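# Coordinates in review
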Amino acid sequence: LELLQGETFVRVIRWGALPHVYKAITAITQAAPAAITSTAHGLATGWPVAVVSVLGMTEINAKNSPPRLNEYLQATVVDANTITLNTVNSAEYAAYTPGGYLRYYTPVDLAGFAARMTIKNRIGGTVLATLTSGAPDNRIALDNAAHTVTLTISATDTAAFEFTSGTYDLEMVAPTGAVTRLYQGAITISKEVTT
């Protein structure tokens, strides 16, 4: 992660798990953005999807089977049966013929979960910052309807950070007490010039 000192940091995470969900596609527009009809798709806006096994308009398919992570695109929900892929201009693609699927990871039910994140100067070292989904700071928001985990660090907080680098992990705690580490890695602070 890279935080810009003096700037609000927001990171939205969508936690999906196996099994994959496959929803049949019944139509795709030749337009920008591409609109895909998939009855009762069950998606929330922002959820990553891959298009697979489409006939005719094969340009829209993920290039690999199974799709690589970078082949999943964020969906924008139009209604219960339609999404758009805002990064896809299908206007010059071949015409769609029936077939194909939206493929996506099953959204994890976040009901009853808590989230926690600790930033340290090194593994096992000094705690530099802590974020939680509950008191005292509520800097991690869990939205079960949108299936999102949102980290927010205010501009005031990032301005006060005196460290330039460290390490972090983000853990989800289930109602049963089971802990899942969603993310981990290095964190850096890009120092502010204009104050």
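Since the model is a prediction, treat every value here as computed from it, not as a measurement.

## Thoughts on unusual backbone geometry
Cis geometry is adopted by the peptide bond preceding Pro33, which originates at Ala32 and carries an omega value of 0 degrees. With respect to the helices, strands and loops of the structure, Pro33 is situated in the loop between strand S4 (27-28) and strand S5 (34-37). Each neighbour pair has its own omega, and for Ser65 with Pro66 the value is 0 degrees, a cis peptide bond. Despite not being glycine, Asn138 shows a phi value in the positive range, around 50 degrees. Relative to the helices and strands, Asn138 is located in the loop between strand S11 (127-132) and strand S12 (140-143).

## Brief notes about the environment of Pro67
Here Pro67 lies in the loop between strand S6 (48-52) and strand S7 (73-79). Pro67 has contacts with Ala50, Val52, Ala62, Tyr72 and Arg103, leaving out every residue within four places of it along the chain.

## Quick look at the sheet that holds strand S15 (residues 179-190)
In space, the 5 strands of this open sheet follow the order S1-S15-S14-S10-S11, with mixed pairing throughout. Each edge of the open sheet is held by one strand with a lone partner, namely strand S1 (2-4) and S11. Put simply, the sheet's adjacent strands are angled 25 degrees from each other on average, direction ignored. As paired strands, strand S10 (residues 114-120) and S11 are joined by 5 bridges and run antiparallel to one another. Considered in S11, the bridge of Met117 is made with Leu131.

Rules of the game
Residues numbered from 1 in each chain as written. Predicted model: local features only at pLDDT ≥ 70, side-chain atom pairs only at ≥ 80, totals over all residues. Heavy atoms only, no water. Helix = DSSP H or I, 4+ residues; strand = E, 2+ residues; numbered from the N terminus. Contact = heavy atoms within 4.5 Å. Pairing = 2+ DSSP bridges. Axes fitted to C-alpha atoms, helices over the stretch in contact; angles between N-to-C directions.

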